[in-house]
Amino acid sequence: MVPHFITSLTGPLLELERKFLDATPRIERWFRLQWQEHTPPFYGSVDLRNAGFKLAPVDTNLYPGGFNNLSAEALPLAVQAAMSAIEKYCPDASNLLLIPENHTRNTFYLQNVLRIQALLRQTGLTVRLGSLNPEVLEPMRLELPDGQSLTVEPLVRRDGRVGLKDFDPCAILLNNDLSAGIPELLGGLQGQILLPPLHAGWAVRRKTHHFAAYDEVARDFAAMLEVDPWLVNPYFSGSSGLDFHAREGEAQLAEQVDVTLQRIRAKYKEYQIDATPFVIVKADAGTYGMGVMTVKDASEVQNLNRRQRNKMAVVKEGLEVSEVIIQEGVPTIETVEDGVAEPVVYMVDRYVVGGFYRVNAQRGRDENLNAPGAHFVPLPFAAPCNQPDAGATVDCPPNRFYAYGVVARLALLAASLELEQTDPNQDRTG
């Protein structure tokens, strides 16, 4: 199921989007066969960029924190998808423990937690919240601006199982990305399902691993559709051994930036794109838009001032950055309410369940929008149907968002491969 959204964006469909529409039966069958071989993450969100000449994911989050930004119209499909996921992992589950991030005073994030809790309750689960924060020693009631509240309780481990003082869950859902590391408390659980698995957290996960898996998915998809995989895939490379404070590793970073920019220039020339290529250099692990910069020339990463070095050196939880991904910059052609915008697509199990625009009037089309000044515009359903309008040729938002759903699902499939490839319990001897 791929919902359709209303959008303020107008303009002719891209040639790529037309190919998506013409090949809808092949695309949906291809995905169906892929999901027979691979298990999707429990949930995820994908940041997309529509440049007009390409449509590509730029980030995939396996601990999505913006369910509060989805429109009310999207919720029934989210509940259905959650039911499908729960039936797959633990069909007899009655109790679920939801573990949120530790920064429990962020009211926008708490609204996200409340929304997740409400969705899961509608699947027939009793859902309670447990905190990894060692400072939470007693149940803590958190009030929200709209009058609602959440109660977060300290975690308890007994007999190899994690729960609360009077609550033994069948399943544990993490909405905490484990940037601070893998807690010993969650290791070696007995008879409990942990979603997503521990190696999906940023203590293990790397963006370069994800986009290497995405390379594989994009090549297979493009071969099936007979298109250039670059149209849905950003070039990338990695650089390690960095110390931004000590200015170590700058030469290697500059070299990788230059190589990536040259590859982009070659594609721009091939497609006669009149634009300045750029790359986004960002921490190889972590979220929240920290440790990110736009680079148009390799010399820029060798002449960082103190403020820029400080910005790049540390991300969430105060972790120092020693590895980065150098990712092809995909400019966005989209605007909403006079602000530069990018779509964010939300998925539960293998289904697209909704989305929103991230809008930032203080940023340019070639900059990271997940930064101060950003706000979110929900995308409600445009029609209660699950098929794109194959007869439409221009100015058709449902078709545009069908294409967005396709590319987001490609990133979700890549996340499935990524988790398989990095699973510490996977037997690779055969």
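As a reminder, the structure under discussion sits directly above these lines.
Bear in mind the structure is a predicted one, so any value in this text is a computation, not a measurement.

## Quick look at the overall build of the protein chain
In terms of regular secondary structure, the protein chain is built from eight helices and 20 strands. Contacts spanning at least 24 positions in sequence make up 71% of the contacts within the protein chain whose residues lie at least 6 apart. Element-wise, carbon and sulfur atoms account for 48% of the exposed surface of the protein chain, whose accessible area totals about 18,300 Å².

## Here's the deal with the pattern of salt bridges
One side chain can pair with another of opposite charge once the charged atoms of both are near each other. A full pass over the atoms with the stated rule returns 17 salt bridges. Its salt-bridge partner being arginine 128, residue aspartate 166 comes within 2.9 Å of it at the nearest N-O pair. Taken together, the residues span a long stretch of sequence, with aspartate 166 in the loop between β9 (161-163) and β10 (171-175) and arginine 128 in strand β5 (residues 126-131) at a distance of 38 residues. Between glutamate 418 and arginine 205 there is a salt bridge, and its shortest N-O distance comes to 2.7 Å. Highlighted residues: glutamate 418 in helix α8 (residues 397-421) and arginine 205 in the loop between β11 (193-195) and α5 (207-225), separated in sequence by 213 residues. What makes arginine 205 buried here is its relative accessible area of 3%.

## Focus on the sheet that holds strand β15 (residues 324-328)
Hydrogen bonding along the main chain pairs the strands of a sheet, whether they run parallel or antiparallel. Taken together, the four strands give an open sheet; going across it, the order is β12-β15-β13-β14, and neighbouring strands pair in antiparallel fashion. Strands with a single pairing partner mark the edges of an open sheet, and in this sheet they are β12 (236-239) and β14 (292-295). Taken over all neighbouring pairs, the strand axes of this sheet differ in orientation by 20° on average, direction set aside.

## A look at the environment of tyrosine 271
Along the chain, tyrosine 271 turns up in the loop between α6 (250-270) and β13 (279-283). On the accessibility criterion, tyrosine 271 (32% relative accessible area) is partly exposed. It is 8.5 Å that separates the C-alpha atoms of tyrosine 271 and phenylalanine 53, two residues lying 218 residues apart in sequence. Excluding residues within four positions of it along the chain, tyrosine 271 makes contact with Asp228, Trp230 and Leu231.

## Digging into the environment of valine 407
Mapping valine 407 onto the fold places it in helix α8. Given a relative accessible area of 0%, valine 407 falls into the buried group. As a C-alpha pair, valine 407 and alanine 218 span 189 residues in sequence and 9.1 Å in three-dimensional space. Aside from chain neighbours lying at most four places away, what touches valine 407 is Phe20, Leu48, Leu55, Ala56, Pro57, Tyr214 and Val232.

## Observations regarding the packing of aromatic side chains
Evaluated as defined, the whole model comprises 17 aromatic pairs. Ring plane angle 35° and centroid distance 5.9 Å describe the contact between tyrosine 43 and phenylalanine 67, whose orientation is recorded as tilted. Taken together, the residues span a long stretch of sequence, with tyrosine 43 in strand β2 (residues 43-50) and phenylalanine 67 in the loop between β3 (55-61) and α3 (75-89) at a distance of 24 residues. Here tyrosine 43 matches phenylalanine 67 in class, with each residue buried. Seen in terms of ring centroids, tryptophan 230 and tyrosine 271 are 5.5 Å apart; in terms of plane orientation they differ by 20°. Their pairing is stacked. With tryptophan 230 in the loop between α5 and β12 and tyrosine 271 in the loop between α6 and β13, this residue pair connects regions lying 41 residues apart in the sequence. Grouping aromatic residues by their ring pairs yields a cluster made of Phe42, Tyr43, Phe67, Tyr89, Tyr346, Phe356 and Phe376. Its end group placed over the ring of tryptophan 202, lysine 207 keeps NZ or CZ at 5.6 Å from the ring centre. Across the ring face of tyrosine 235, the terminal group of arginine 263 is positioned such that the distance to the ring centre comes to 3.8 Å.

## Some remarks on the state of the cysteines
Under the counting rule described, the total for this entry stands at zero disulfides. Free cysteine cysteine 90: the closest other cysteine sulfur is in cysteine 170, separated by 6.7 Å. For cysteine 170, a relative accessible area of 24% corresponds to the partly exposed category.

Criteria and thresholds
- Residues numbered from 1 in each chain as written.
- Predicted model: local features only at pLDDT ≥ 70, side-chain atom pairs only at ≥ 80, totals over all residues.
- Heavy atoms only, no water.
- Helix = DSSP H or I, 4+ residues; strand = E, 2+ residues; numbered from the N terminus.
- Contact = heavy atoms within 4.5 Å.
- Areas by Shrake-Rupley, 256 points an atom, 1.4 Å probe, with all protein chains shown as cover.
- Salt bridge = Lys/Arg side-chain N within 4 Å of Asp/Glu carboxyl O.
- Buried < 20%, exposed > 50% of the residue type's maximum accessible area, 1.4 Å probe, protein only.
- Pairing = 2+ DSSP bridges.
- Axes fitted to C-alpha atoms, helices over the stretch in contact; angles between N-to-C directions.
- Phe/Tyr/Trp six-rings, centres within 6.5 Å; stacked < 30°, edge-to-face > 60°.
- Lys NZ or Arg CZ within 6 Å of the ring centre and 35° of its normal.
- Disulfide = S-S within 2.5 Å.

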